[in-house]
Amino acid sequence: MPRFAANLTMMFGEWSFLDRFAEAAEAGFTAVEFLFPYEHQPAEIADRLERNGLEQALFNLPPGDWAAGERGLAALPERAAEFRDSVARALDYALATKARRLHVMAGLAPSGSAEAGAAYREALRHACAAAAPHGIDILIEPLNKRDMPGYFLDDFGMAADIIAELGLPNLKLQFDIYHRQILHGDVTRGLEALLPITGHIQIASVPLRQEPGTGELDDARLFATLDELDYAGFVGCEYRPRAGTLEGLAWFVRAPRR
Ligand SMILES: O=C(O)C(=O)[C@H](O)CO
Ligand SMILES: [Mg+2]
């Protein structure tokens, strides 16, 4: 069974953000992820991880003005300086929390735009160079067009091509099974083909983005497939609980504590 990371942005919303760490540990999780830690000091997050014996699997770089609809900066040529600042800020948090993976959101830009493509590649080169000395991977994640209309990285093939083209050892794919199913389907063959370049996996039911096992995919079989493929990374539980986080955990198989 893969090692699951509770997504503290979507799960445990019944508690305040800092209290979600203890609740996730109490529920049996040994790792967590979330979108953004930036409303709290790095030391506060590190303290919650330490106190609850949790590993920080992943979080995102600052995405620009999220409340105003921004969804990342990397493919926005006019925001290159701000993007570089966001890399430095995220690395401060990654070092404090010992996170080994950072998700770089591309932003809203036409996928076919040469200018956006060039900015994106330059941004990824910069992020990977800054993260590499710390043993940190930079992840890129294709997002489906229904949840994230206008997002630059909207295709798994495009992500794989960019990773191959840039050839950076710490640039990896974030394979969100929910987005994969909506964008392309063919999830098992996708995992088989892309696992060598995958640094993180996420799960949610399709189409409602709720608990695994409640949608159109056979999630238990997909977890078995990940075991068969010797996937040793995390599976982030990036779903909105249908009727309470704890009430929806029947699907969850606890990993032995390491
Ligand atoms: O939406 C997702 O699937 C993500 O993982 C991003 O980090 C946030 O949009
Ligand atoms: Mg995701």
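Source: prediction; values computed, not measured.

> Can you help me understand the packing of helix H7 (residues 187-194) against helix H8 (residues 219-228) in this one?
Each packed pair of helices is defined by two parameters, the angle between the axes and the distance between the axes. H8 packs onto H7 with a crossing angle of 20° between their chain directions and a minimal axis gap of 11 Å. Put simply, H7 runs roughly parallel to H8. As for the relative orientation of H7 and H8, their crossing is right-handed in sense. On H8, the residues that touch Val187, Thr188 and Leu191 of H7 are Arg221, Leu222, Thr225 and Leu226. Residue classes in the contact of H7 with H8 are distributed as four nonpolar, two polar and one charged.

> Help me understand the UniProt feature "domain: Xylose isomerase-like TIM barrel" (unreviewed entry) in the chain in this model?
Within this numbering scheme, the UniProt entry marks residues 21-252 as carrying the feature "domain: Xylose isomerase-like TIM barrel" (unreviewed entry). As annotated, residues 21-252 comprises 38% helix and 14% strand, and the C-alpha atoms at either end are separated by 17 Å.

> Looking at this structure, I do not really get the coordination of the magnesium ion (ligand 2). What am I missing?
Any two of four tetrahedral donors ideally make an angle of 109.5 degrees at the metal, while pairs among six octahedral donors ideally make 90 or 180 degrees. Of the protein atoms, only Glu141 (OE), Asp176 (OD), Gln202 (OE1) and Glu238 (OE) coordinate the magnesium ion (ligand 2), at distances of 2.0 to 2.2 Å. Each of the six donor atoms bound to the magnesium ion (ligand 2) contributes to angles spanning 75 to 173°, and the resulting shape is octahedral. Written as a sequence motif, the donor arrangement for the magnesium ion (ligand 2) is E-x34-D-x25-Q-x35-E. Of this pair, Gln202 sits in strand E7 (residues 198-203) while Glu238 sits in the segment after strand E8 (234-237), and the two are 36 residues apart along the sequence.

> What's the story with the pairing of E8 in this structure? I'm lost.
Neither face of E8 is open: one carries Phe234 and Gly236, the other Val235 and Cys237, and all of them are buried. Across four bridges, the pairing between strand E1 (residues 3-7) and E8 is parallel. Looking across to E8, one finds that Ala5 is bridged to Gly236. Considered for its hand, the β-α-β crossover made up of E7, H8 and E8 is right-handed.

> What exactly am I supposed to notice about the environment of Asn60 here?
Tracing the chain through its elements places Asn60 in strand E3 (residues 55-60). Once residues lying within four places of it in the same chain are set aside, the contact partners of Asn60 are Phe34, Leu35, Phe36, Pro37, Tyr38, His103 and Met105.

> Would you take a moment to explain the site of ligand 1 for this structure?
Around ligand 1, a shell composed of 14 residues is seen, among which Asn60, Glu141, His179, Arg209 and Glu238 lie nearest. Within the side chain of His179, a nitrogen or oxygen atom sits 2.7 Å from an oxygen atom of ligand 1. Within the side chain of Gln202, an N or O atom sits 3.1 Å from an oxygen atom of ligand 1. Its atoms largely coinciding with the cavity grid, ligand 1 occupies the largest pocket.

Reading the values: rules and limits
Residues numbered from 1 in each chain as written. Chains lettered and ligands numbered in written order. Predicted model: local features only at pLDDT ≥ 70, side-chain atom pairs only at ≥ 80, totals over all residues. Heavy atoms only, no water. Axes fitted to C-alpha atoms, helices over the stretch in contact; angles between N-to-C directions. Helix = DSSP H or I, 4+ residues; strand = E, 2+ residues; numbered from the N terminus. Parallel < 35°, antiparallel > 145°, perpendicular 65-115°, else oblique. Left-handed = near helix turned anticlockwise from the far one by under 90°. Contact = heavy atoms within 4.5 Å. Nonpolar A, V, L, I, M, F, W, Y, C, P; charged D, E, K, R; others polar. UniProt positions renumbered as here; feature names shortened; annotations may be inferred. Donors = N, O, S within 2.8 Å, 3.2 Å for Na, K, Ca; no water. Tetrahedral: all angles 85-135°; square planar, octahedral: opposite > 155°, others 65-115°. Buried < 20%, exposed > 50% of the residue type's maximum accessible area, 1.4 Å probe, protein only. Pairing = 2+ DSSP bridges. Right-handed = clockwise from strand over helix to strand, strands pointing away. Near = heavy atom within 4 Å. Polar contact = N/O pair within 3.5 Å; in protein donor to acceptor, adjacent residues only side chain to side chain. 1 Å grid on protein atoms, 1.4 Å probe; cavity = no way out; pocket = protein on both sides within 12 Å on 5 of 7 lines; lining within 4 Å. Sits in = over half its atoms within 2 Å of the grid points.

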